[in-house]
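These are the residues of each chain, in order.
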Amino acid sequence: MACVTPARRVKGRSITTLDGIDPAARERWADAFCATGASQCGFCTPGIIVRLHGLAAKKPDASIADAERALQAHLCRCTGWRTILDAWEHREQPVTIDGRDLDAAARRAEIEGRIPQAVGPHVALGAGGFADDTAPADALVAVPTADGDWVVAESLGEARQAAGKVQGRRTTVDAEPPLELPDGDWAVTLRTSWVEPAYLETDASWCRPGGEPASPLANGGAFGAKVDSIAPGAARRLADEHDRAVRVVVSREDAVRSGAKRPPVAAGIRADGTGVIRVARTPGIVDAIHAVAPELEVEEVSVAGPPTSAAIRAAGWAEAAILRAAITGEATITGEATITGPDGSRATATVDDGTIKIRVSCGDPLDEVVLHSYCVGAAHMALSWVTSEGLAVDDAGAVHDLTIRSFGVLRAVDTPPIEIELDPGPGPPVNGSDTVFAAVAAAVWIHQGLPPVWPTGQTVRTN
């Protein structure tokens, strides 16, 4: 794991990276990942391919369970693991993407990710195009300091040293919902904790003097969390100040401290569908909630903590739709949650014997592989959100969980089978994965008996 392995630990040893794998084998892996939707942004998959290639070489008869255990050293936020395991099963069954309309696939990816996104075998190999990859080699490097200023130096190492950067930490303190429930005679209540979007490609941008900064979104939308990134503005300002190209690099710790989070809520709903959602004050969040639940009263509350954003995946409206699903009599009997999103897509989800089953309709699929991949990823994110994800934030608003491992994102071994049924419908293609995200969260919550605080600490995996 290059990101956490000191160079001294591998002194005198031979290292094979993705580019060192036999080209024919590398191409087979890339085709398998593309054919199964096992890569979206492509940031994590080079390391995952190396891991799986090594496993296959050491243990040719390795099982799915072996692959799940091997992946414990990795994190993929986009795909929900199951598509990666599909690619693993194709390792000795060459697949082809001949005849597939990759332009249509890219259009579907853009609809789901809400930014232009490349689709193809090259993406799984890390060649989708990331902001930091395009910076000029002679650019100065800027990193943020703990007090919100910037340090600029000739190299990343020098900048981090000057800024006094230290590795992030994981606290032993539990994540706690920061908001109290509104008063009322509620049929169902819900309090959510701070959660981190946990995108892997952290914010980066660069700019020449007088130029336009590179977008930090690159080939991944970060689930909306980079919409208000500090990186582009800093790159433009610092390039003008230093009269040189400046590359801005935000570390994982910086992104946790200053990056946008999902607004936590404390809500109560009555059997007739009326109720109150108390939510951390966030521009646009009232409109997002009222887009699906105009009958709910929204109370915005100022709360100490990291910044929040209504641009994050289904923020506000998902919580409102989940609450409404929880009071539907049929849903509580059958465990099946059906949600219609603001875009008009419709998703039904249930948890059945340890398997998450989903049916989604969102217009013309354009490319079923990409749509399936995004829906599986959304299901994983929803399950993780309800059951295990949370950040420890103290009363002063400081985040104490700063490492990627501390966010509670479910690993491959923790993720149950996910079955997707695509129901092509009339009309133009619309986003379906955000609605799947809300429907799965509702179904998991109902399945667990509607515990009033997330994360619940429960699991649905039985196999």
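Just so you know, these numbers come straight off a predicted model, no measurement behind them.

Here we look at the overall build of the chain
In terms of regular secondary structure, the chain is built from 14 helices and twelve strands. Whereas a compact globule of 463 residues would reach a radius of gyration of roughly 23 Å, the chain reaches 22 Å, a difference of no more than 12%. Projected onto its principal axes, the C-alpha coordinates of the chain cover approximately 65 × 55 × 45 Å. Looking at the chain as a whole, 54% of its 463 residues are labelled buried. Entry remark: accessible area of the chain is about 19,700 Å², with carbon and sulfur atoms responsible for 49%. Between the centroid of the 43 positive side chains of the chain and the centroid of its 61 negative side chains there is a distance of 6 Å.

A closer look at the sheet that holds strand 12 (residues 418-422)
A sheet is described by the order of its strands in space; here four strands give the open sequence 9-10-11-12, paired in mixed fashion. In this open sheet, the two edge strands, each paired with only one partner strand, are strand 9 (337-340) and strand 12. Each strand axis lies, on average, 15 degrees off the axis of its neighbour in the sheet, ignoring direction. Bridge count for strand 11 (residues 355-361) against strand 12 is five bridges, and the pairing is parallel. Looking at strand 12, one finds that Ile358 is bridged to Ile420.

Section: the packing of helix 11 (residues 317-326) against helix 14 (residues 433-447)
Viewed as axis vectors pointing N to C, helix 11 and helix 14 meet at an angle of 40 degrees, and their least axial separation amounts to 9 Å. Classed by the angle they form, the pair helix 11 and helix 14 counts as oblique. Read as a crossing pair, helix 11 and helix 14 show a hand that is right-handed. Every residue of helix 14 that contacts helix 11 at Trp317, Ala318, Ile322, Leu323, Ala325 and Ala326 is listed here: Asp434, Thr435, Phe437, Ala438, Ala441, Ala442, Trp445 and Ile446. Among the residues forming the contact of helix 11 with helix 14, the class breakdown is twelve nonpolar, one polar and one charged.

Quick notes on the side chain of Lys261
Checked against the element boundaries, Lys261 lands in the loop between helix 9 (252-258) and strand 6 (265-269). Assessed through its relative accessible area of 0%, Lys261 is described here as buried. Within polar-contact distance, the side chain of Lys261 engages the side chain of Glu196 at 3.1 Å. When sequence neighbours within four positions are dropped, the list of residues in contact with Lys261 reads Trp194, Val195, Glu196, Pro197, Ala255, Val256, Pro306, Pro307, Thr308, Ser309, Ile312 and Leu391.

Structural notes on helix 8 (residues 231-242)
Because an α-helix completes one turn every 3.6 residues, residues spaced three or four positions apart along the sequence face the same direction. Between its terminal C-alpha atoms helix 8 stretches 16 Å, which fits the 16 Å expected from twelve residues at 1.5 Å a residue. Looking only at helix 8, the buried set comprises Ala231, Pro232, Ala234, Ala235, Leu238 and Ala239. Along the axis of helix 8, the buried residues cluster in a sector spanning 160 degrees; they form a single face. Summarising the contacts, the buried residues of helix 8 are in contact with strand 1 (140-144), strand 2 (150-153), strand 4 (204-207) and strand 5 (246-249).

Considering unusual backbone geometry
Looking along the chain, the bond that leaves Trp454 and enters Pro455 is cis, with omega of 0 degrees. You can see Pro455 is positioned in the segment after helix 14. Positive phi, normally seen in glycine, also occurs at Trp81, with a value near 70 degrees. Relative to the elements of secondary structure, Trp81 occurs in the loop between helix 3 (64-70) and helix 4 (82-89). Notably, Asp243 is not glycine yet its phi reads approximately 55 degrees, a positive angle. What makes Asp243 exposed here is its relative accessible area of 59%.

Focus: the state of the cysteines
Disulfides are covalent bonds that connect the sulfur atoms of two cysteines. All chains considered together, the criterion is met by zero disulfides. Note on Cys44: no disulfide assigned, nearest cysteine sulfur contributed by Cys76 at a separation of 3.5 Å. We note that Cys78 lacks a disulfide partner, and the nearest cysteine sulfur, in Cys41, lies 4.0 Å from it. A relative accessible area of 15% means that Cys78 is categorised as buried.

A look at the pattern of salt bridges
Tallying each qualifying case throughout the model produces 22 salt bridges. Residue Asp66 pairs with Lys59 through a salt bridge whose shortest N-O separation is 3.0 Å. The residue Arg236 makes a salt bridge to Glu212 at a minimum N-O spacing of 3.2 Å. Of this pair, Arg236 sits in helix 8 while Glu212 sits in the loop between strand 4 and helix 8, placing them 24 residues apart in sequence. A single salt-bridge network, built from bridges that share partners, covers Arg114, Arg313, Asp343 and Asp434.

Let's talk about the side chain of Arg100
Looking at the element boundaries, Arg100 is found in the loop between helix 4 and helix 5 (102-113). Those residues in contact with Arg100 that lie beyond four places of it in its chain are Cys34, Ala35, Ala105, Val119, Asp367, Val369 and Val370.

What about the sheet that holds strand 2?
Paired through backbone hydrogen bonds, the strands of a sheet run either parallel or antiparallel to each other. Pairing in this open sheet of four strands is mixed, and the strands run 2-1-5-4 from one edge to the other. Edge positions in the open sheet fall to strand 2 and strand 4, since each of these has one partner strand only. Neighbouring strand axes in the sheet, compared pairwise and without regard to direction, differ in orientation by 20 degrees on average. Direction of pairing for strand 1 relative to strand 2: antiparallel, over a ladder of four bridges. Across the sheet, the residue bridging to Ala142 is Val152, located in strand 2. Seen against the sheet, helix 8 touches strand 1, strand 2, strand 4 and strand 5 and runs at an angle of roughly 30 degrees to strand 4.

As for the nonpolar core
Core analysis: the biggest nonpolar cluster contains 114 residues, and Phe33 and Val248 have the highest contact counts within it. The biggest single contributor to this core is helix 14, with eleven residues. Aside from chain neighbours lying at most four places away, what touches Val248 is Ala142, Trp150, Asp203, Ala204, Ser205, Ala231, Ala234, Ala235 and Leu238. Ala105, Val119, Val370 and Tyr374 belong to the second-largest nonpolar core, a separate cluster that totals six residues.

Cut-offs used in this document
- Residues numbered from 1 in each chain as written.
- Predicted model: local features only at pLDDT ≥ 70, side-chain atom pairs only at ≥ 80, totals over all residues.
- Heavy atoms only, no water.
- Helix = DSSP H or I, 4+ residues; strand = E, 2+ residues; numbered from the N terminus.
- Rg over C-alpha atoms; globule rule 2.2 N^0.38 Å.
- Buried < 20%, exposed > 50% of the residue type's maximum accessible area, 1.4 Å probe, protein only.
- Areas by Shrake-Rupley, 256 points an atom, 1.4 Å probe, with all protein chains shown as cover.
- Lys, Arg positive; Asp, Glu negative; His and termini not counted.
- Charge placed at Lys NZ, Arg CZ, Asp CG, Glu CD.
- Pairing = 2+ DSSP bridges.
- Axes fitted to C-alpha atoms, helices over the stretch in contact; angles between N-to-C directions.
- Parallel < 35°, antiparallel > 145°, perpendicular 65-115°, else oblique.
- Left-handed = near helix turned anticlockwise from the far one by under 90°.
- Contact = heavy atoms within 4.5 Å.
- Nonpolar A, V, L, I, M, F, W, Y, C, P; charged D, E, K, R; others polar.
- Polar contact = N/O pair within 3.5 Å; in protein donor to acceptor, adjacent residues only side chain to side chain.
- Expected span 1.5 Å × (residues − 1).
- Arc of directions from axis to C-beta.
- Disulfide = S-S within 2.5 Å.
- Salt bridge = Lys/Arg side-chain N within 4 Å of Asp/Glu carboxyl O.
- Core = buried A, V, L, I, M, F, W, Y, C linked by side-chain atoms within 4.5 Å.

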